[in-house]
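For reference, the chains in residue letters:
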Amino acid sequence: MPTILDVPRERADAIQRIATALTGAASVAVTTHINADGDAAGSVAAMARLLPRMGLRAVIVNPTPWPGLFAFLKDGLDDRTASGAEALRSAGALISLDVSDVRRLGSLATAARSLPGPRIVIDHHVPTDEPAGDIVLADTAACATGELLYDFASVLGLEIDLPIAEALYTAILTDTGGFRYSNTSPRAHAIASTLLALGVDPEHTYRRIYASLSPGRLQLLRDALDTLGVDADHGLAWVSVTNDAMERYGVSSDDLDGIVEHPRSIAGTRVALFFRDLGYGKVKVSFRSTGDVDVNALARQFGGGGHEKASGALVVGSLDDVRTKVVDAARAFVGKVAASTNGRPA
Ligand SMILES: [Mn+2]
């Protein structure tokens with residue numbers, strides 16, 4: 001009898017292709033995008049624990065250091081991130097997780113482009129013109145890359161032990177915004193249910209991820225909220241963080257995760273924006289949609305991208321200039337959405 005946990009045919013076929021490609025690899029480098037979030041870190045940790053169950057050696061080689069918030073997922077894993085591209089080149093195969101574009105591998109992108117061994121991608125973003133590999137399992141219907149890793153284990157008959165279950169639960173929990181966003185599918189809950197049955201402690205996991213804040217993080221949030229801008233007519237809200245704020249409060253870029261949820265939580269917000277001045281003439285912009293606005297298309301106007309409801313872009317300019325430019329573009333963009341009949345800009 002079919003069940004919700006059955007792996008869709010195209011996914012199962014791609015997983016078999018991946019397993020075949022990995023056969024005989026001396027070691028497998030597992031990587032993800034710069035500034036790994038919970039889905040990225042959870043997926044990398046899960047894959048690094050699943051590969052040995054296939055008789056393969058796994059090394060983690062990320063473009064940026066493992067996020068402190070998710071340190072609990074990495075116990076006992078071999079992290080060669082500090083050796084960078086060199087560690088990548090000495091592996092026989094590469095698996096890029098939660099990455100739709102090779103450029104999201106940051107300092108590892110050049111090495112990743114020219115690896116001789118199989119280059120595999122498992123991802124749930126909107127595909128781009130330069131994926132990080134040629135053997136691809138990609139499905140935007142997956143709530144998180146962690147969902148696709150659950151399918152990977154399931155198709156290949158790999159046992160999910162407690163550390164793997166915790167990694168997958170973290171991936172799904174964080175990418176669905178704590179089971180609140182529209183990607184919270186019946187399947188997301190069904191997988192979470194099996195992970196809880198395997199022993200994941202939901203409250204403990206919640207406290208570790210969402211209730212372990214430093215005072216500095218709240219001080220930084222206070223400063224960010226001080227910059228709140230709202231354009232109620234267009235359903236826009238935004239906040240900004242200056243380049244010295246992280247140092248001033250002794251916080252890391254992990255601590256910026258979730259700040260955009262505050263402007264997003266204002267009634268009537270259709271697009272929330274978060275501007276982070278990187279301090280060298282570039283501003284990182286996060287775009288979040290609450291409903292019918294495709295912010296992936298908006299972010300692409302600035303050379304970025306991601307998902308329809310969550311995207312990002314790196315924009316050259318001062319904080320003030322970038323904010324003005326992006327807010328103006330967002331006004332024009334949501335204006336178009338309101339005027340169209342199908343919820344998408346023409
Ligand atoms: Mn993801």
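Residues numbered from 1 in each chain as written. Predicted model: local features only at pLDDT ≥ 70, side-chain atom pairs only at ≥ 80, totals over all residues.

### Side note on the overall build of the protein chain
Stage number 1. A tally of helices and strands in the protein chain yields 13 helices and eleven strands.
Stage number 2. A compact globule built from 346 residues should have a C-alpha radius of gyration of about 20 Å, and the protein chain, at 20 Å, falls within 12% of that.
Stage number 3. Looking at the 346 residues of the protein chain, the share that counts as buried comes to 45%. (Helix = DSSP H or I, 4+ residues; strand = E, 2+ residues; numbered from the N terminus. Rg over C-alpha atoms; globule rule 2.2 N^0.38 Å. Buried ≥ 20, exposed ≤ 12 C-beta atoms within 10 Å, placed from the backbone.)

### Remarks on the sheet that holds strand 1 (residues 28-32)
Stage number 1. Read across the sheet, five strands follow the order 2-1-3-4-5 without closing on themselves; strand pairing throughout is parallel. Here the strands that pair on one side only, and so sit at the sheet edges, are strand 2 (58-60) and strand 5 (135-138). Going from strand to strand, the sheet's axes swing by 20 degrees on average, the running direction of each strand aside.
Stage number 2. As paired elements, strand 4 (residues 119-123) and strand 5 share four bridges and run parallel to each other. Residue pairing in the sheet places Ile120 in a bridge with Ile135 of strand 5. (Pairing = 2+ DSSP bridges. Axes fitted to C-alpha atoms, helices over the stretch in contact; angles between N-to-C directions.)

### A short note on the nonpolar core
Stage number 1. Formed by 64 residues in total, the largest nonpolar core has its most connected members in Val28, Val30, Val44, Met47, Leu168 and Ile172.
Stage number 2. If we ignore the near neighbours within four places in the chain, the residues touching Val28 are Leu22, Leu51, Leu56, Arg57, Ala58, Ala91, Gly92, Ala93 and Ile95.
Stage number 3. Formed by 33 residues, the second largest nonpolar core is a distinct cluster that contains Leu256, Ala272, Val295 and Leu298. (Core = buried A, V, L, I, M, F, W, Y, C linked by C-beta atoms within 7 Å. Contact = placed C-beta atoms within 7 Å.)

### Side note on the sheet that holds strand 6 (residues 229-231)
Stage number 1. Strand order in the open sheet made by the six strands is 6-7-8-9-11-10, with mixed pairing throughout. Looking along the sheet, the strands with just one partner apiece sit at the ends: strand 6 and strand 10 (305-306).
Stage number 2. Of the strand pairs in this sheet, strand 10 and strand 11 (residues 310-316) are connected by two bridges, and their pairing is antiparallel. By the bridge assignment, Gly306 is partnered in strand 11 with Ser311.

### As for the packing of helix 6 (residues 162-175) against helix 7 (residues 186-197)
Stage number 1. It is the contact of helix 6 with helix 7, at a shortest axis distance of 10 Å, that shows an interaxial angle of 150 degrees. Comparing their axes, helix 7 and helix 6 come out roughly antiparallel. Seen along the crossing, helix 6 lies across helix 7 with a hand that is left-handed. Each of Ala165, Leu168, Tyr169 and Ile172 in helix 6 lies in contact with helix 7, whose residues at this interface are Ala188, Ile191, Ala192 and Leu195.
Stage number 2. Looking at side-chain class alone, the contact of helix 6 with helix 7 contains eight nonpolar, no polar and no charged residues. (Parallel < 35°, antiparallel > 145°, perpendicular 65-115°, else oblique. Left-handed = near helix turned anticlockwise from the far one by under 90°. Nonpolar A, V, L, I, M, F, W, Y, C, P; charged D, E, K, R; others polar.)

### Brief notes about the domain arrangement of the protein chain
Stage number 1. In terms of domains, the protein chain is made up of domain 1 (9-209) and domain 2 (216-339).
Stage number 2. Here the C-alpha centre of domain 2 lies 27 Å away from the C-alpha centre of domain 1.
Stage number 3. At the junction of the two partners, domain 1 supplies ten residues and domain 2 supplies nine residues. (Domains from an automatic or database assignment.)

### Side note on unusual backbone geometry
Stage number 1. Located in the positive-phi region is Asn35, a residue other than glycine, with phi close to 50 degrees.
Stage number 2. Following the sequence through the fold, Asn35 ends up in the loop between strand 1 and helix 2 (38-50).
Stage number 3. Its 20 C-beta neighbours within 10 Å are what place Asn35 among the buried residues.
Stage number 4. The backbone of Asp98 sits at a positive phi, close to 65 degrees, despite the residue not being glycine.
Stage number 5. Checked against the element boundaries, Asp98 lands in the loop between strand 3 (93-97) and helix 4 (109-113).

### Side note on the packing of helix 2 against helix 6
Two quantities define a packed helix pair, namely the angle between the axes and the distance from one axis to the other.
Stage number 1. Contact geometry for helix 2 and helix 6: axes closest at 7 Å, N-to-C directions at 160 degrees. Taken as axis vectors, helix 2 and helix 6 run roughly antiparallel relative to one another. Considering the relative orientation of helix 2 and helix 6, their crossing is left-handed. Across the interface between the two elements, Gly38, Asp39, Gly42, Ser43, Ala45, Ala46, Arg49 and Leu50 of helix 2 pack against Pro163, Ile164, Ala167, Leu168, Thr170, Ala171, Leu173, Thr174 and Asp175 of helix 6.
Stage number 2. Taken together, the residues of the contact of helix 2 with helix 6 break down into nine nonpolar, five polar and three charged.

### Digging into helix 9 (residues 215-226)
Stage number 1. Compared with the 16 Å implied by 1.5 Å per residue over twelve residues, the 17 Å span of helix 9 between its first and last C-alpha is a close match.
Stage number 2. Turning to helix 9, its buried residues are Arg217, Leu220, Leu221 and Ala224. Down the axis of helix 9, the sector holding all buried residues measures 105 degrees, keeping them to one side. Set apart from the buried face of helix 9 by more than 90 degrees, the exposed residues are Pro215, Arg222 and Asp226. (Expected span 1.5 Å × (residues − 1). Arc of directions from axis to C-beta.)

### Some words on the environment of Ser252
Stage number 1. Counting through the fold element by element, Ser252 comes out in the loop between helix 10 (245-248) and helix 11 (261-264).
Stage number 2. In this structure Ser252 comes out as partly exposed when scored by C-beta crowding, with 16 C-beta atoms within 10 Å.
Stage number 3. Separated by 48 residues in the primary sequence, Ser252 and Arg300 have C-alpha atoms spaced 27 Å apart.
Stage number 4. Discounting chain neighbours no more than four positions away, the residues touching Ser252 are Gly68 and Met246.

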